[in-house]
Amino acid sequence: MDQIRVRGGAALQGSIPIAGAKNACLALMPATLLTDEPLTLTNAPRLSDISTMGALLGSLGAEVAGLQEGRVLALSSHALTGSRADYDIVRKMRASVLVLGPLIARLGHAEVSLPGGCAIGARPVDLHRMAMERLGAEIELRDGYLHARAPRGLRGAVIDFPIVSVGATENALMAAVLARGTTVLKNAAREPEIVDLARCLRGMGAQIDGEGSPEIVIEGVDRLGGSTHRVVADRIELGTYMLAPAITGGDVECLGGRLELVAAFAEKLGAAGVAVEETAAGLRVHRRDGPLRAVDVETAPFPGFPTDLQAQMMALLSTASGVSVLEERIFENRFMHAPELARMGAQIEVHGGTATVTGVERLRGAPVMATDLRASVSLILAALAAEGETVVSRVYHLDRGYERVEEKLGACGADIERISE
Ligand code: UD1
C-alpha cells in the first residue's frame, strides 16, 4: 500500500490548479441513466471514486469512456441492461446510492444495496427512501437491498426533508425530472453540487427552479436529451489547498477557486489571521503578519462551514495561538484524525461532537495513519508545517478525493513524495 512522506517546514509559494468537484461529478454521472442520448462531462477529476462510479454505471449497461484519461467523460445509457447496484460497489462508495432515483425514473424499478456503516458514522439512507416513496415508488428492504418499484411511473409530490441531505436532494431531483406533474423539494440542500446538478439536468431538458435555495420546484417532462456540461470547481479541494499556505506561512494562488464556493470557510481563515483575496485567476491566500489565532468552528449544511473541511481546519488550529472549539454537527464520528494529529504533538480533547484544540508552537513529524478521505489530507497539511519527517500510511483514502496531491504541493515547494510498495 502506498505511503506519502513529507518533510515539513517549507513555506509554500506558487499556484495550484483546482480540479472539478468529485462530489458534483458523482451526482452528475448517474444523470446519464435518465436519457438514451449521450451526456458529456468536462472538467471531471481523475479519482478512484469517479472510476468506481464508472464501474457501477458500466454494470448497469451504460457506456463510460474517458475514465483513464480524465477530464472528459463520455457517458451513454442508450441500452441499459441492469438495475442492481451491488453491495460490493455500494459498500466501497456510498454515493452509489445516487443511481436509485434515476433508475426508478427511467426503468420503473431498481435494486440498490444498503451502504452499511462507514468510518464517519452510521449514515442511513432513510431520506432517499422517503423521497422515492413520496414520488410513488414502492420500496421493500430485502436481503440488504432496497427493492424499488414504480409500476405506474413516478408522480410529482411535495417532499419535505426533516434534515438537510445533499444525497437525498440529488436523488429526489433526478427522480422528479421525469415524474408526472410538479414536485416541490422543501428544506433541500443548497450546496454548489446541487446547483451544478440542476444546471446539467436543465441542459438535458429538465424544468427546474430554485436550486441553491431551500425550495426547489421541478416540473416533470416526458423525456430528457443529451448535453455537455462542465463540472463545477471542487470547493473542498479548494479549501484544502487554501490551508497549505495558511499553515506553512506561504503564499499560494488557487487557480479556478471562487470565493462564493467557500465563503464561510474563508471568513474563519480571515479570523485566524489568513488573508484571502480574489484574483483574476482564482483565490490568493497568504498569512498576515503575526501568529495564527484560535477560532471556533461549527459545521453546518451549505452555506455554513463544510464538514468536509473540518479535519483540515483542525490541523491549522493545532498550530494557532489560543484555544479553538470545533463542533461537528453533520456526522457523529468525524474526529478520527484527532488522535493521529496528537501523534504529531497536537493538543486536542474530544467529547462527543466537540473537539477542543489548544494550539502548540510546533508540530513534529511522526508515522501516522489515514482513516478517511478528509482525515488523510489533514495529516498531510499538518506534516507540511511540522518539524521533521511524517509518513502517512493508508493513502488510498486520499486517492479517492485528491488527484496528484504530491505533484500539486510539490510544485509549490513542499518536500513530499509517494512511496509505492
Ligand atoms: C455528501 C458528500 C459528503 C459530505 C456530506 C455533507 C457526496 C458524494 N458526499 O454526503 O462528502 O460530507 O454530503 O456535506 O456528495 N442522513 C440521514 N438519512 C439519509 C441521508 C442522510 O439521516 O437518508 C444524515 C447523514 O447521516 C448526515 C446528514 O444527514 O448526518 C447529512 O448527510 P448528507 O448530506 O446526506 O451526506 P451525503 O449526501 O451522504
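As shown above, the structure is provided for reference.
The rules behind the values
- Residues numbered from 1 in each chain as written.
- Predicted model: local features only at pLDDT ≥ 70, side-chain atom pairs only at ≥ 80, totals over all residues.
- Heavy atoms only, no water.
- Phe/Tyr/Trp six-rings, centres within 6.5 Å; stacked < 30°, edge-to-face > 60°.
- Helix = DSSP H or I, 4+ residues; strand = E, 2+ residues; numbered from the N terminus.
- Buried < 20%, exposed > 50% of the residue type's maximum accessible area, 1.4 Å probe, protein only.
- Lys NZ or Arg CZ within 6 Å of the ring centre and 35° of its normal.
- Pairing = 2+ DSSP bridges.
- Right-handed = clockwise from strand over helix to strand, strands pointing away.
- Core = buried A, V, L, I, M, F, W, Y, C linked by side-chain atoms within 4.5 Å.
- Contact = heavy atoms within 4.5 Å.
- Near = heavy atom within 4 Å.
- Polar contact = N/O pair within 3.5 Å; in protein donor to acceptor, adjacent residues only side chain to side chain.
- Nonpolar A, V, L, I, M, F, W, Y, C, P; charged D, E, K, R; others polar.
- Axes fitted to C-alpha atoms, helices over the stretch in contact; angles between N-to-C directions.
- Parallel < 35°, antiparallel > 145°, perpendicular 65-115°, else oblique.
- Left-handed = near helix turned anticlockwise from the far one by under 90°.

(A) Structural view of the packing of aromatic side chains. According to the stated counting rule, one finds two aromatic pairs in the structure shown. Relative to Tyr 402, the ring of Tyr 241 has its centre 6.5 Å away and its plane inclined at 85°; by these criteria the two rings are edge-to-face. With a gap of 161 residues between them, Tyr 241 in helix H8 (residues 235-248) and Tyr 402 in the loop between helix H13 (396-399) and helix H14 (405-410) connect regions that are remote in the sequence. Side by side, Tyr 241 and Tyr 402 carry an identical accessibility label, which is buried. If you follow Arg 84 out to its NZ or CZ, it ends over the ring of Tyr 145, 4.1 Å from the centre. It is Arg 91 that lies over the ring of Tyr 87; its NZ or CZ is 5.8 Å from the centre.

(B) Geometry of the pairing of strand S19 (residues 323-327). Burial of S19 is one-sided: the residues Ser 324 and Leu 326 facing one way are buried, the residues Val 323, Val 325 and Glu 327 facing the other way are not. When strand S18 (residues 297-298) meets S19, the two strands line up parallel, connected through two bridges. Bridge pairing in S19 links Val 297 to Leu 326. Between the parallel pair S18 and S19, the chain is carried across by helix H10 (residues 310-317), and the sense of this crossover is right-handed. Across five bridges, the pairing between S19 and strand S21 (residues 354-358) is antiparallel. Bridging from a neighbouring strand, Val 325 pairs with Thr 356 of S21.

(C) How the structure looks around the nonpolar core. Membership of the largest hydrophobic core comes to 145 residues, with the highest contact counts inside it found for Val 99, Leu 173, Leu 201, Met 242, Met 313 and Leu 409. In terms of residue count, helix H12 (residues 373-385) provides more of this core than any other element does, nine residues in total. Beyond its immediate stretch of four places on either side in the chain, Met 242 contacts Cys 254, Val 262, Phe 265, Ala 266, Leu 269, Val 276, Leu 283 and Val 285.

(D) A look at the site of the ligand. Taken together, 19 residues sit near the ligand, with Asp 126, Leu 127, Ser 165, Asp 308 and Ile 330 positioned nearest. Within the side chain of Asp 126, a nitrogen or oxygen atom sits 2.6 Å from a nitrogen atom of the ligand. The contact in question runs from an oxygen atom of the ligand to an N or O atom on the side chain of Ser 165, over 2.6 Å. Those elements that provide at least two residues to the shell around the ligand are helix H5 (126-134) and helix H6 (166-176). The element that contributes the greatest number of residues to the shell around the ligand is H5, accounting for three residues. Of the residues that constitute the shell around the ligand, the class distribution is nine nonpolar, five polar and five charged.

(E) Quick peek at the packing of H8 against helix H9 (residues 263-272). Closest axis-to-axis distance for the H8/H9 pair is 11 Å, and the angle between their directions is 15°. In this view, H8 runs roughly parallel relative to H9, as classed from their interaxial angle. Note on packing geometry: the crossing formed by H8 with H9 is right-handed. Across the interface between the two elements, Gly 239, Met 242 and Leu 243 of H8 pack against Phe 265, Ala 266 and Leu 269 of H9. Among the residues forming the contact of H8 with H9, the class breakdown is five nonpolar, one polar and no charged.

As far as function goes, none of this settles anything; it's purely spatial.
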